[in-house]
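Understanding the architecture of this molecule
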Amino acid sequence: MSVDAETVRRIAHLARIAVSDAEVEHLEGELNAMLAFVEQLAEVDVTNVEPMTSVTPMEMKKRADAVTDGGIPDDIVKNAPAMEDHFFVVPKVVE
Amino acid sequence: MTDLTSLTLAEAREGLRKRAFSAFELAEAHLVAMEQARALNAYVLETPEQARAMARAADARLRSGDARPLEGLPLGIKDMFATRHVRTTACSHILDNFVPTYESTVSANLWRDGAVMLGKLNNDEFAMGSSNETSFFGPVISPWRRKGANTPLVPGGSSGGSAAAVAANLCLGATGTDTGGSIRQPAALTGVVGIKPTYGRCSRWGIVAYASSLDQAGPFARDVRDAAILLRSMAGHDPKDTTCVDRPVPDFEVAIGQSIKGKKIGIAKEYRVAGMASEIDALWQQGAEWLKSAGAELIEVSLPHTKYALPAYYIVAPAEASSNLARYDGVRYGLRAPAREITAMYENTRAEGFGPEVRRRIMIGTYVLSAGYYDAYYLRAQKVRTLIRRDFEQVFAQGIDALITPTTPSAAFGIDEKGSGDPVEMYLNDVFTVTVNLAGLPGISVPAGLSAEGLPLGLQLIGRPFDEETLFALAHVIEQAAGGFSPERWW
């Protein structure tokens with residue numbers, strides 16, 4: 001499988017990364033090089049093989065459903081690029 | 001007095017306890033060395049005030065006789081670890097103003113045990129790279145040079161700053177993270193010891209996430225004993241990371257010097273890759289011989305799915321990265337590129353904030369997870385991953401205690417030498433290390449010799465899950481036989 005310029009633009013939009021027309025051609029080549037590289041996986045017989053979902057075989061740890069942290073709004077917004085009264089400020093979302 | 005920066009961590013620990021020098025003097029010596037080595041670009045942030053304050057507190061403890069395991073020992077921290085009130089960037093423009101209000105569990109464990117922080121170490125942006133050339137702060141220059149040449153070389157990556165700093169005596173030890181080889185590969189290329197412990201041994205809490213099912217923290221040190229000392233402090237159960245296991249952390253240092261008589265060492269024929277340099281092959285055989293001379297038994301084994309590890313990695317890791325890095329949206333922290341509407345703000349922020357390698361991996365990850373492609377790529381790669389782990393399980397079921405492999409297919413290369421045309425060229429550096437992450441196993445790289453050009457080469461030992469002790473014992477045997485390697489100072 002390989003990607004064309006249109007697909008590169010669609011992926012970039014899905015990934016929320018702006019790309020210029022000049023970058024698209026370059027990215028198309030690089031992404032296709034990576035896709036060609038991973039293509040070899042198609043030759044592996046994976047019939048009846050379960051996908052790996054847990055790296056270390058272990059039972060999922062659970063904890064009591066209790067509040068263990070919080071009350072630190074100053075800390076939460078401390079690194080925000082734009083903030084007002086403990087709210088994150090963003091450009092207009094709804095017209 | 002001998003140069004305090006050339007001591008091993010264990011020697012410095014001894015010197016501090018005997019009061020041969022103070023923690024303050026030890027920190028000061030390192031701060032001077034760091035200042036003189038800025039040409040290497042190993043540190044992206046020096047924290048001298050913090051180092052002095054921590055060293056003074058350590059001296060008070062040492063005087064009153066209640067020294068903790070790492071009391072007064074100065075360390076460097078890879079910039080992937082969040083450090084409270086100390087800028088943490090993952091060496092990305094998108095985080096270059098980020099100052100955490102919390103501390104990663106692994107670094108907190110080091111401070112709990114009395115260690116002293118010297119600063120934050122350079123790495124590939126978001127740990128994506130094998131040469132430390134993708135860092136927003138510029139490449140790290142290896143302290144090593146080829147015999148009779150002054151071409152600047154890469155220290156490997158992604159933990160290139162950690163490896164270079166340990167090799168150049170700019171700290172006694174350092175933290176690293178390893179997703180596909182990012183501790184073991186730079187350790188090998190700079191002649192130091194690096195271990196990626198079993199997945200789940202160290203908490204990932206507070207480490208900038210790259211690929212969560214592969215990421216694991218581990219130490220860099222100048223010898224095997226020092227790595228064992230550091231790992232003991234770094235490891236341990238943490239309820240804040242559900243994948244961090246709740247099991248006791250052994251005193252790894254006890255493994256140093258233990259007999260390896262009767263240990264069964266596997267040599268996988270699939271690691272004899274086409275075009276492997278003859279000096280790498282020779283080193284590998286030499287390493288196996290050293291283990292045999294110490295009483296180990298060598299057994300040829302097969303790991304048939306080895307060649308599929310890198311392709312599987314370059315689906316799984318970018319897929320997880322595309323999800324993990326979705327959080328950098330210009331809203332809650334980090335860079336924001338202005339735009340009048342929110343989607344354009346996201347897109348501009350991420351285009352400006354991420355470097356080319358990170359953008360590429362996010363896009364591949366987005367593609368392989370997108371509707372219609374998930375089964376063909378991601379699901380298939382996770383199935384291949386099961387097969388790769390099964391290969392190792394079958395080998396261990398035959399009674400094999402550990403495997404020996406080269407760490408890298410070649411010695412260090414020059415800055416700008418690789419991967420400019422085809423990203424895959426750079427990825428091949430991790431051909432021997434990446435299987436270990438996919439299977440969640442522990443792997444250690446130990447310096448084993450020099451190339452014809454005078455550059456360090458490493459051997460990797462791969463162990464059973466949670467059997468880092470066997471790796472330390474085996475690596476120590478190789479270290480005893482090979483001797484240590486340190487670069488000649490030119491900086």
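Residues numbered from 1 in each chain as written. Chains lettered and ligands numbered in written order. Predicted model: local features only at pLDDT ≥ 70, side-chain atom pairs only at ≥ 80, totals over all residues. Heavy atoms only, no water.

1. Re the pattern of salt bridges
Tallying each qualifying case throughout the model produces 27 salt bridges over all chains. A salt bridge links B:D66 to B:R61; the shortest N-O distance between them is 3.7 Å. Judged by its relative accessible area of 37%, B:D66 is partly exposed. Judged by relative accessible area, B:R61 falls into the partly exposed class, the value being 30%. As a salt-bridge pair, B:R361 and B:E357 come within 2.7 Å of each other at their nearest N and O atoms. Residue B:R361 and its partner B:E357 are both found in helix 11 (residues 356–369); the two are separated by 4 residues, about one turn of the helix. For the pair formed by B:R361 and B:E357, the shared burial category is buried. Each of A:E30, B:E357, B:R360 and B:R361 takes part in one network of salt bridges that share partners. (Salt bridge = Lys/Arg side-chain N within 4 Å of Asp/Glu carboxyl O. Buried < 20%, exposed > 50% of the residue type's maximum accessible area, 1.4 Å probe, protein only. Helix = DSSP H or I, 4+ residues; strand = E, 2+ residues; numbered from the N terminus.)

2. Here's the deal with a nonpolar patch on the surface
Taken together, the side chains of A:I72, A:I76 and A:F88 present a nonpolar region at the surface, about 240 Å² in accessible area. Within the fold, A:I72 resides in the loop between helix 2 (21–38) and helix 3 (73–77). (Patch = residues over 30% accessible without salt bridge, like charges linked within 9 Å, V, L, I, M, F, W, Y side chains within 5 Å. Areas by Shrake-Rupley, 256 points an atom, 1.4 Å probe, with all protein chains shown as cover.)

3. Side note on the packing of aromatic side chains
All names here are of chain B. Counting across every chain of the model gives 17 aromatic pairs over all chains. An aromatic cluster of three or more residues is present, and its members are F98, F126, Y328, Y333 and F354. Here the guanidinium or amino end of K240 rests over the ring plane of W205, the centre of that ring lying 3.8 Å away. Taking NZ or CZ as reference, K418 lies 4.5 Å from the ring centre of F413, over its face. (Phe/Tyr/Trp six-rings, centres within 6.5 Å; stacked < 30°, edge-to-face > 60°. Lys NZ or Arg CZ within 6 Å of the ring centre and 35° of its normal.)

4. Description of the layout of surface pockets
Residues and elements named next belong to chain B. Quantified by volume, the largest pocket comes out at close to 890 Å³. Taken together, 30 residues form the lining of the largest pocket, with F98, Y102, W205, G206 and R327 sitting closest to its centre. Classifying every residue of the lining of the largest pocket by side-chain character gives 15 nonpolar, 7 polar and 8 charged. (1 Å grid on protein atoms, 1.4 Å probe; cavity = no way out; pocket = protein on both sides within 12 Å on 5 of 7 lines; lining within 4 Å. Points joined across faces, edges and corners; volume = space filled by probe spheres on them. Nonpolar A, V, L, I, M, F, W, Y, C, P; charged D, E, K, R; others polar.)

5. Points about the packing of helix 1 (residues 9–17) of chain B against helix 7 (residues 224–234) of chain B
Residues and elements named next belong to chain B. Following both chains from N to C, one finds helix 1 and helix 7 inclined at 70°, their axes separated by 8 Å at the closest point. Judged by the angle between their axes, helix 1 and helix 7 are roughly perpendicular. Facing L9, A10 and R13 of helix 1, the residues of helix 7 in contact are R225, D226, I229 and L230. Classifying every residue of the contact of helix 1 with helix 7 gives 4 nonpolar, no polar and 3 charged. (Axes fitted to C-alpha atoms, helices over the stretch in contact; angles between N-to-C directions. Parallel < 35°, antiparallel > 145°, perpendicular 65-115°, else oblique. Contact = heavy atoms within 4.5 Å.)

6. Digging into the interface of chain B and chain A
Taken residue by residue, the interface counts 69 residues in chain B and 54 residues in chain A. Taken together, both faces of the contact between chain B and chain A bury some 5400 Å²; the carbon and sulfur share is 70%. Taken as a group, B:M363, B:Y367 and B:R380 account for 13% of the area that chain B buries against chain A, more than any other trio of residues on that side. Taken together, chain B and chain A are joined by 3 salt bridges. Note that B:R360 and A:E30 form a salt bridge whose closest N and O atoms lie 2.7 Å from each other. Across the chain B-chain A interface, the total number found is 21 residue pairs in polar contact (both at pLDDT 80 or more). Those elements that place two or more of their residues in the side of chain B that touches chain A are helix 9 (309–324), helix 10 (342–353), helix 11, helix 12 (375–397), helix 13 (423–427) and helix 14 (434–439) of chain B. Looking at which element gives the most residues to the side of chain B that touches chain A, the answer is helix 12 of chain B, with 13 residues. Per-class residue counts for the side of chain B that touches chain A are 36 nonpolar, 16 polar and 17 charged. (Buried area = accessible area lost by both parts, 1.4 Å probe. Polar contact = N/O pair within 3.5 Å; in protein donor to acceptor, adjacent residues only side chain to side chain.)

7. Focus on unusual backbone geometry
Residues and elements named next belong to chain B. A cis amide bond links G157 with the next residue in sequence, S158, at an omega value of 10°. Within the secondary structure, S158 is located in the loop between strand 3 (116–121) and helix 5 (160–167). With phi around 55°, A90 is a residue other than glycine that occupies positive phi space. The residue A90 is located in the loop between strand 2 (74–78) and helix 4 (105–112) in this model. For A90, a relative accessible area of 0% gives the class buried.

8. Details of the confidence of the model for chain A
On average, residues of chain A carry a pLDDT of 92, and 99% of them reach 70 or more. Ranking the elements of chain A by mean pLDDT puts helix 2 of chain A last with 93 and helix 1 (residues 5–14) of chain A first with 97. (pLDDT = per-residue confidence, 0-100.)

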